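Examination of the molecular architecture
These are the residues of each chain, in order.
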Amino acid sequence: HPFKGLATVGTVVSDDKKIRLFNWNVEQDDQSQKYYCYILRFDERKKEYVTSELIDNSFMLPARPDDILEAKDWYGALYYKIIPITKGSKQMYTLLGYDANTSMSNIKLIDVLSFTGNNPKLGSPIFKTKTETLKRVFFEHSEKAYMSLKYEAEYGRIIYDHLSPETPSMTGFYSYY
């Protein structure tokens, strides 16, 4: 079913049509966000769809978790793009997402979705920088700023805006980037 009538639930489909995410958020009284996500994945062996729920457990996680996470320990985000990738013989999916972090800052993120059996895992050590290898990438910026994070399929690349603090003295205070 296409679920086109769901006005407040986002539906994102991977280009290979094997993954669909149903994702939404609810703003809390303190202006924090509670995120919800269901994954619908086609199991090639069984020729059937398998549903998994991601549980927003962000209040128990570090602000920028750097571990591989289970479905019950998800940090919460709204996903807007799923990019199929293959690492060796393993099929994975790069996710582009958004988190309305606080009243002062927002976060854009790049993560990886993979499966062990039917169990979803988030994070994979595939993002290499000059000094380290990351399992996911976070871009925190001011609520007043807009940051572009998108996938260019024709070039097979993710592009994003450069973030910097308003002044050098604000380095490390991401709500001023």
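Residues numbered from 1 in each chain as written. Predicted model: local features only at pLDDT ≥ 70, side-chain atom pairs only at ≥ 80, totals over all residues. Heavy atoms only, no water.

**Overview of the sheet that holds strand β2 (residues 19-27)**
The line we're drawing: Strands qualify as paired when DSSP identifies two bridges or more between them. Only DSSP runs of H or I covering at least 4 residues are called helices, and only runs of E covering at least 2 are called strands; the numbering of each starts at the N terminus. What counts as an axis is a line fitted to C-alpha atoms, over the stretch in contact for a helix, and the angles between N-to-C directions run from 0 to 180 degrees.
Read from one edge to the other, the open sheet built from four strands follows the order β1-β2-β3-β4, with strand pairing classed as antiparallel. Every interior strand has two partners, whereas the edge strands, β1 (10-13) and β4 (48-55), have only one. Going across the sheet, the axis of each strand differs from the next one's by a mean of 20 degrees, ignoring polarity. Both strand β3 (residues 33-43) and β4 contribute to a ladder of eight bridges, which runs antiparallel. Pairing of R41 across the sheet is with V50, part of β4.

**Here we look at the nonpolar core**
To be explicit about the condition: For the purposes of this section, nonpolar cores are sets of buried Ala, Val, Leu, Ile, Met, Phe, Trp, Tyr and Cys residues that join through side-chain atoms within 4.5 Å. For every residue, the accessible area obtained with a 1.4 Å probe (protein chains only) is divided by the maximum for its type, and the residue is called buried under 20%, exposed over 50%, and partly exposed between those limits. The criterion used for residue contact is that any of the two residues' heavy atoms lie within 4.5 Å.
Core analysis: the biggest nonpolar cluster contains 24 residues, and I19, L21, W74, Y75, Y79, L113 and L122 have the highest contact counts within it. Of all the elements in the fold, those that place two or more residues in this core are β2, β3, β6 (78-87), β7 (90-99) and β8 (105-116). Among the elements that take part in this core, β8 stands out by supplying four residues, more than any other. Setting aside chain neighbours within four positions, we find L21 in contact with G10, T11, V12, C37, Y38, I39, Y79, I82 and L95. Ranked by size, the runner-up nonpolar core spans ten residues in total, among them I83, M92, I110 and L149.

**Considering the packing of aromatic side chains**
The condition is simple: In this scheme Phe, Tyr and Trp rings, the latter by its six-membered ring, pair at centre separations within 6.5 Å, and the angle between planes marks the pair as stacked below 30 degrees, edge-to-face above 60, and tilted otherwise.
Under the counting rule described, the total for this entry stands at seven aromatic pairs. Ring plane angle 65 degrees and centroid distance 5.1 Å describe the contact between F42 and Y49, whose orientation is recorded as edge-to-face. A relative accessible area of 22% places F42 in the partly exposed class. With a centroid separation of 4.9 Å and an interplanar angle of 45 degrees, the aromatic rings of Y174 and Y177 are classed as tilted. The class for Y177 is buried, based on a relative accessible area of 15%.

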